[in-house]
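Fold and geometry: a report
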Amino acid sequence: MSTAHHHHHSSDSTSCSSGTCHHHGVPTTPEQVKSLRIALVFVTCFSAAELWVSLHSNSLSLLADAGHMVCDVFAIALSLWTADQVSKGEPNGQRLNAIAALVNGVLLLIVCSWLGWEAVGEFRFPPTEILSQPVAITAAVGLGINGLNAYLLHAHADDNLNMRGAFLHMVADASSCLGVLVGAVLIAKYQWYWADGVVSSAIALLIASSAIPLIRQSWATLKVDSSPAEQLAEES
């Protein structure tokens, strides 16, 4: 199984020290750090713009997506910091990657819970006015940016848990932008204001479905790695 995960960086996988090359243990490379850095710049700029538009257009699904993006800024920054530490030769690299992935997963679940809660409120009291044109434009731009980020990070998604977490954030973002776009079109064409709540709920379910396996995997990795690593930490 692990050989399939190493097909992108076979040259790098030979350089990893003994014991760090099991599942998702490909060492952090400068390419990974670079792709995370590019993704972080894109996400930060776009989330600020999206937040502004969502507050002015009264769209919950866009605000939900903006909240998700702000969460992603922290998540990608965490992944970038972790990748940077590991590339500098941090001895507990595998553990750091798993911790970053675990935090990312938990962050995603928090966003889901908030989204679900907001969507329930929308179903009970549907908004009477949503400016769908700016919402649609913003969502379309977001789809492009997140699609590009997901493409950049896809090459490294199998390298380790940290990169996988960052990649899943981008995929969830791109999908939620697509949902927002579809909702905005339905509102513009048919005045289906309830579509906003439906889209928000769908985004929440999508994010949860990517977060739960990530949390389980990183937790399993931490449990496997904890005994020797903790002993080392206590001795030093």
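Everything numeric in this text was worked out from a predicted model, so none of it was measured.

1. Describing the overall build of the protein chain
When helices and strands are tallied, the protein chain shows eight helices and zero strands. Helices (α) and strands (β) of the protein chain occur, in sequence order from the N terminus, as α-α-α-α-α-α-α-α. A buried classification covers 49% of the 236 residues belonging to the protein chain. Counting only contacts in the protein chain whose residues sit at least 6 apart along the sequence, the fraction spanning at least 24 positions is 78%. Surface summary for the protein chain: the accessible area is close to 11,400 Å², and the carbon and sulfur share equals 68%.

2. Quick word on helix 7 (residues 161-190)
Between its first and last C-alpha atoms helix 7 spans 43 Å; for 30 residues at 1.5 Å apiece the expected length is 44 Å, and the two agree. Positive backbone phi, at 60°, marks Gln191, one or two positions downstream of helix 7.

3. Some thoughts on the packing of aromatic side chains
Under the defined criterion, the tally for this structure stands at two aromatic pairs. Both rings, one in Tyr190 and one in Trp192, keep their centres 4.8 Å apart while their planes meet at 25°; by these two values the pair is stacked. For Tyr190, a relative accessible area of 44% corresponds to the partly exposed category. Trp192 sits in the partly exposed class, given a relative accessible area of 34%. With 5.3 Å between their ring centres and 20° between their planes, Trp192 and Trp194 make a pair best called stacked. An aromatic cluster of at least three residues, connected via ring pairs, comprises Tyr190, Trp192 and Trp194.

4. A closer look at the confidence of the model for the protein chain
Any region with low pLDDT has predicted coordinates that should not be read closely. Per-residue pLDDT for the protein chain averages 78, and the proportion of residues at 70 or more is 83%. Per-element averaging of pLDDT across the protein chain places helix 2 (residues 10-13) at the bottom with 32 and helix 6 (residues 132-154) at the top with 91. Contacts from residues 1-24, a stretch scored under 50 in pLDDT, to residues over four places away or in other chains number 36 contacts.

5. A closer look at the pattern of salt bridges
In this structure the tally under the stated criterion is one salt bridge. Measuring nitrogen to oxygen at the nearest pair gives 3.5 Å for the salt bridge that ties Asp84 to Lys88.

Definitions and cut-offs
Residues numbered from 1 in each chain as written. Predicted model: local features only at pLDDT ≥ 70, side-chain atom pairs only at ≥ 80, totals over all residues. Heavy atoms only, no water. Helix = DSSP H or I, 4+ residues; strand = E, 2+ residues; numbered from the N terminus. Buried < 20%, exposed > 50% of the residue type's maximum accessible area, 1.4 Å probe, protein only. Contact = heavy atoms within 4.5 Å. Areas by Shrake-Rupley, 256 points an atom, 1.4 Å probe, with all protein chains shown as cover. Expected span 1.5 Å × (residues − 1). Phe/Tyr/Trp six-rings, centres within 6.5 Å; stacked < 30°, edge-to-face > 60°. pLDDT = per-residue confidence, 0-100. Salt bridge = Lys/Arg side-chain N within 4 Å of Asp/Glu carboxyl O.

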